[in-house]
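Structure at a glance
Each chain, letter by letter, is given below.
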Amino acid sequence: MWYHKPAINEELLQSLPNLKVVASSGVGIDHLDLKLLSRYGVKVSNTPFIVSTDTADMGMALLLASSRRLVEGHEMAVSPDTEHFPADWLGVEVSGATLGIVGMGTIGYKVAERAKAFEMKILYHNRNQRKKEEESAVGAIYCKKIDDLLQQSDFVLLTVNLTPQTHKLIGKRELELMKPTATLINVSRGLVVDQDALVEALQNKVIKAAALDVTYPEPLPRDHPLLKLKNVIITPHIGSATKKTRWVMMEEMAESIEAGLEGLPIPREVL
């Protein structure tokens, strides 16, 4: 499966009685009905580890691009109407700012490693607290309640998996808890954020900005209000889109398929 295609539903499974394994690209499995697949005796694999470095890089790239208004700056620099650069056209500081990471798995932890190099104060919210030595290595402080993280952070970065518990995790209430100077960055899944509430928050300056590598749907309808806002950066779900990573993802998917066909243990099997 690539970009969640083809759709794995009962009709397809009934038409493929000899199907043994579904190899899905990337880390997310929210597009798969694992119970349905198990009922048909089909095993599932994904490629969770290879994508983490590139996705963490993408999270930091969006943070930097948004804070320093790089997209707007580029448009100004190349515009045929630009005669001078205004002195009061300013971004916000990254060094010394507070980053709140929601979801401190492999990707979230790699983001924290990068943020430490920028001398950021790092808060994180996760189902489980990391080991003390892991926290110390990146200078991260655990927030048991997400509300505490939202209220304190200058940048809130989402790296959670999409589950029933994280569906629209960030909604109107959570956005209103954030600082009016804060930026929301999402490199997880679009449905982790209530998009209508985000549009309203950005339009009414409840928060300062958003930087999104994921939306719902993807791509957005061309008349969607998010596409018209100056305080939003949107990229086309390219967190893992580097040549090396995509090549390795393909190799890992092929390994899983070969193992499944030969009746061997499947590497990176989703249980």
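Criteria and thresholds
Residues numbered from 1 in each chain as written. Predicted model: local features only at pLDDT ≥ 70, side-chain atom pairs only at ≥ 80, totals over all residues. Heavy atoms only, no water. UniProt positions renumbered as here; feature names shortened; annotations may be inferred. Helix = DSSP H or I, 4+ residues; strand = E, 2+ residues; numbered from the N terminus. Buried < 20%, exposed > 50% of the residue type's maximum accessible area, 1.4 Å probe, protein only. Phe/Tyr/Trp six-rings, centres within 6.5 Å; stacked < 30°, edge-to-face > 60°. Pairing = 2+ DSSP bridges. Right-handed = clockwise from strand over helix to strand, strands pointing away.

In the annotation of an unreviewed UniProt entry, the chain is listed under the name Glyoxylate reductase/hydroxypyruvate reductase and assigned to Certhia familiaris. Note on the chain: under the UniProt heading Sequence similarities (unreviewed entry), the record states "Belongs to the D-isomer specific 2-hydroxyacid dehydrogenase family."

Of note, the amide linkage connecting lysine 5 to proline 6 takes the cis form, showing an omega dihedral of 0 degrees. Position of proline 6 relative to the elements: it lies in the segment before helix H1 (10-15). Note that the residue after tyrosine 216, namely proline 217, is joined by a cis bond; omega there is -5 degrees. Within the secondary structure, proline 217 sits in the loop between strand E8 (209-212) and strand E9 (232-234). Notably, lysine 205 is not glycine yet its phi reads approximately 60 degrees, a positive angle. Tracing the backbone through its elements, the reader meets lysine 205 in the loop between helix H9 (195-203) and E8. A relative accessible area of 67% means that lysine 205 is categorised as exposed.

Next up on the list: the packing of aromatic side chains. The geometry of an aromatic ring pair is captured by the separation of the ring centres together with the interplanar angle, meaning the angle of the planes. The full count for this structure, using the stated rule, is 1 aromatic pair. Ring centres of tyrosine 124 and tyrosine 142 lie 5.2 Å apart, and the angle between their planes is 50 degrees; on these two criteria the pair is classed as tilted. Here tyrosine 124 is found in strand E4 (residues 121-125), whereas its partner tyrosine 142 is found in strand E5 (residues 140-142), with 18 residues between them in sequence. Of the residues examined, tyrosine 124 reaches a relative accessible area of 0% and is grouped as buried. According to the relative accessible area criterion, tyrosine 142 is partly exposed, its value standing at 21%.

Of all 5 residues that make up E4, 4 are buried, and the element is covered over most of its length. Note: strand E3 (residues 98-102) against E4, 5 bridges, orientation parallel. By the bridge assignment for E4, leucine 99 is matched with isoleucine 122. Read from E3 through helix H5 (residues 106-117) to E4, the crossover connection turns out right-handed. Summarising the sheet, E4 and E5 pair through 3 bridges and their orientation is parallel. Considered in E5, the bridge of leucine 123 is made with isoleucine 141.

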